[in-house]
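If you want the building blocks of each chain, they are given just below.
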Amino acid sequence: MSLRLTEIFFSLQGEASRAGLPTVFVRLAGCPLRCAWCDTPYSFSGGEAADIAAVLVAVARYPARQICVTGGEPLAQKDCPALLTALCDVGYEVSLETSGALDIAGVDSRVSRIMDLKAPDSGECARNRWENLACLNARDEIKIVLASRADYEWARATLAERQLDALCPVLLSPAQGLLDPAALAEWILADGLNVRFQLQLHKMLWGNAKGK
């Protein structure tokens, strides 16, 4: 089995319920989406070949039990599910950051899936794989990045129509530099949404530095 690996690095988790936890990030290369606000375009192509055993050796160098497999879109690589299972098998707490455009049904049940839904301003709303919602459970999380008031209204309507907060925690985030975080916070409070507002902790600490 072979993977294309962009980078492995040790940092603080910046998002979702594990924000603040020391975490080893395994960033796989490649992504079929091109979101307008993407902050990791360097992962779209390239990467170095690595097998699962080599990844296990690399992550073991760091003093963390939390592992996050991210991208790009990690599920675009056929051996990603096998990597996730191997990480779980050696005792790591594993999370997967995925775009929501690819099938998550084959992901090991021990993995916490942080699944995006793409709002209209991302340019990739049509790629949302709604069948994935039926696979989610309380260990998973739905993340929606918003770039405008229109994106927020789409998220609010989707939350109600599909009862997203009954499936798992829902996270709303402002796209950096495109939506005022305070405005988003006020909208959530005004509408009484059952969601978690989040900012990207790693960007508050280190900006857009690669490997952070």
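All of the points below concern the structure found in this document. (Residues numbered from 1 in each chain as written. Predicted model: local features only at pLDDT ≥ 70, side-chain atom pairs only at ≥ 80, totals over all residues. Heavy atoms only, no water.)

Attention now moves to the nonpolar core. Counting 49 residues, the largest nonpolar core has Val 26, Val 69, Ile 144 and Leu 172 as its most contacted members. By residue number, the principal contributor to this core is helix α2 (residues 80-89), which donates six residues. The next biggest cluster of nonpolar side chains, apart from the first, holds eight residues, and it includes Cys 31, Cys 35, Val 145 and Ala 147. (Core = buried A, V, L, I, M, F, W, Y, C linked by side-chain atoms within 4.5 Å. Buried < 20%, exposed > 50% of the residue type's maximum accessible area, 1.4 Å probe, protein only. Helix = DSSP H or I, 4+ residues; strand = E, 2+ residues; numbered from the N terminus.)

α2 packs onto helix α1 (residues 52-59) with a crossing angle of 45 degrees between their chain directions and a minimal axis gap of 10 Å. If you check the angle between α1 and α2, you find them oblique. For the element pair α1 and α2, the recorded crossing hand is right-handed. Listed contacts from α2 to Ile 52, Val 55, Leu 56 and Val 59 of α1 are Ala 82, Leu 83, Ala 86 and Leu 87. (Axes fitted to C-alpha atoms, helices over the stretch in contact; angles between N-to-C directions. Parallel < 35°, antiparallel > 145°, perpendicular 65-115°, else oblique. Left-handed = near helix turned anticlockwise from the far one by under 90°. Contact = heavy atoms within 4.5 Å.)

Our focus in this paragraph is the packing of helix α3 (residues 149-162) against helix α4 (residues 181-191). The interhelical angle for the contact between α3 and α4, taken along N-to-C directions, is 35 degrees, at an axis separation of 11 Å. The element α3 and its partner α4 pack so that their crossing is right-handed. Between α3 and α4, the contacting residues are Arg 149, Tyr 152 and Arg 156 on the first element and Leu 184, Trp 187, Ile 188 and Asp 191 on the second. When grouped by side-chain class, the residues that make up the contact of α3 with α4 number four nonpolar, no polar and three charged. (Nonpolar A, V, L, I, M, F, W, Y, C, P; charged D, E, K, R; others polar.)

Moving on, we come to the environment of Ser 122. As for its placement among the helices and strands, Ser 122 is situated in the loop between β6 (112-116) and β7 (141-146). For Ser 122, a relative accessible area of 1% puts it in the buried group. Along the sequence, Ser 122 and Cys 35 sit 87 residues apart, while their C-alpha atoms lie 4.9 Å from each other. Here Ser 122 is in contact with Arg 34, Cys 35, Ala 36 and Trp 37, once residues within four sequence places are set aside. There is a polar contact of 3.0 Å between the side chain of Ser 122 and the backbone nitrogen of Glu 124. (Polar contact = N/O pair within 3.5 Å; in protein donor to acceptor, adjacent residues only side chain to side chain.)

Positionally, Gln 176 belongs in the loop between β8 (170-174) and α4. A sequence separation of 139 residues divides Gln 176 from Trp 37, and the C-alpha atoms of the two residues are 7.9 Å apart. Here Gln 176 is in contact with Lys 203 and Asn 208, once residues within four sequence places are set aside.

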